[in-house]
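# A structural walkthrough
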Amino acid sequence: MLLQRRCLQLRRYAQSAAAALVDDSDQDSFPRPDPKYDETILAVPRLTSGKSIAAKERKAGRVPSIIFEQEDGQYGGNKRLISVRTNQIRKLVNQLGRSFFLSRLYNLEVRSDFDSDDVVERVRVLPRLLQLHSSTDAPLNVTFIRAPSDALLKVEIPLVFIGDDISPGLKKGAYLNTINRTVKFLCPADVIPPYIEVDLSELDVGQKLVMGDLKVHPTLKLIQSKDEPISYGTSILNVCKQSLLAYQFNDIIEEQ
């Protein structure tokens, strides 16, 4: 009896999404956001919160949002209720992808009115949370966190896989199952990478990559253990197991 062991599947970000995020003219540097895609998010103050208020804001084409002050990498005090334009947030999310939107800094201007030049507050922010409609993907809520240069922020950074075209394991007929798409780091606000590259070019059958294998800027602090496999919570290279057999990953196993 032949038991097929080709049980790993590769899921990658589209190369176009990665290309839209960085200027790759300097291949030796760590990924940095491409300033070509910088955009100032416009907002207006919102006096009160609640389900009925949020529903009215969405009906008017606005997304109810909040700005928090960073506190040990989390959102804390100095809360400001705002609303942002639905079309602008939808455009940014569609342009970059949800995970990339949540790992990029934006300038945000709170104005007395969207058509006014009266700026109430101008601040750099990191989108912390984004809630989308389950059916339409319309933005429902956005939480922003202030990101001054001296801030240390916890960021879920997207993973982009490279080198799969020359991976020894893949050339032998193996497949990768990449379940996890982000890894959490504590980052200085000025050094938040748009993504982290995961190099598969030397990965062979039966091998795995761990958190410590990721090459990042030295100022970034990994929040998980460096020996923890990268995955949906466990590993990038996740060995599938038959319901009754648990062999170490092989291409094909023969049983008589």
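Whatever comes next refers back to the structure up there.
The following refers to the structure shown. (Residues numbered from 1 in each chain as written. Predicted model: local features only at pLDDT ≥ 70, side-chain atom pairs only at ≥ 80, totals over all residues. Heavy atoms only, no water.)

## Comments concerning the overall build of the chain
Across its full length, the chain carries five helices and 14 strands. Looking at the chain as a whole, 44% of its 256 residues qualify as buried. Of all intrachain contacts in the chain linking residues separated by at least 6 positions in sequence, the fraction that spans at least 24 positions is 69%. (Helix = DSSP H or I, 4+ residues; strand = E, 2+ residues; numbered from the N terminus. Buried < 20%, exposed > 50% of the residue type's maximum accessible area, 1.4 Å probe, protein only. Contact = heavy atoms within 4.5 Å.)

## Here we look at the environment of Pro158
Within the secondary structure, Pro158 is located in strand β10 (residues 152-162). The exposure class assigned to Pro158 is buried, which follows from its relative accessible area of 0%. Along the sequence, Pro158 and Ser99 sit 59 residues apart, while their C-alpha atoms lie 6.1 Å from each other.

## Section: the pairing of strand β11 (residues 182-188)
A large share of β11 lies buried, amounting to six of its seven residues. Sheet analysis places β10 next to β11, joined by seven bridges and oriented antiparallel. Residue pairing in the sheet places Lys154 in a bridge with Leu186 of β11. Where β11 meets strand β13 (residues 221-222), two bridges bridge the pair, whose relative direction is antiparallel. Counterpart to Leu186 in the pairing with β13 is Lys221. (Pairing = 2+ DSSP bridges.)

## Side note on the side chain of Ser116
Mapped onto the fold, Ser116 is located in the loop between β7 (106-111) and β8 (119-132). The exposure class of Ser116 is buried, given its relative accessible area of 18%. In this structure the side chain of Ser116 is engaged in a polar contact, spanning 3.2 Å, whose partner is the side chain of Ser112. (Polar contact = N/O pair within 3.5 Å; in protein donor to acceptor, adjacent residues only side chain to side chain.)

## Some remarks on the packing of aromatic side chains
What the rule picks out here adds up to one aromatic pair. Aromatic side chains Phe101 and Tyr106 sit 5.5 Å apart centroid to centroid with 40 degrees between the ring planes, which places their arrangement in the tilted category. Pair check on accessibility: Phe101 and Tyr106 agree, each one buried. (Phe/Tyr/Trp six-rings, centres within 6.5 Å; stacked < 30°, edge-to-face > 60°.)

## With respect to the sheet that holds β8
Paired through backbone hydrogen bonds, the strands of a sheet run either parallel or antiparallel to each other. The six strands lie next to each other as β2-β6-β3-β9-β8-β7, forming a closed barrel whose pairing is mixed. Direction aside, the axes of adjacent strands within the sheet are offset by 45 degrees on average. Across six bridges, the pairing between strand β3 (residues 62-68) and strand β6 (residues 80-85) is antiparallel. Looking across to β6, one finds that Pro64 is bridged to Ser83. Set on the sheet, helix α2 (residues 51-59) makes contact with β3, β6 and β9 (139-146); between it and β3 the angle comes to about 120 degrees. (Axes fitted to C-alpha atoms, helices over the stretch in contact; angles between N-to-C directions.)

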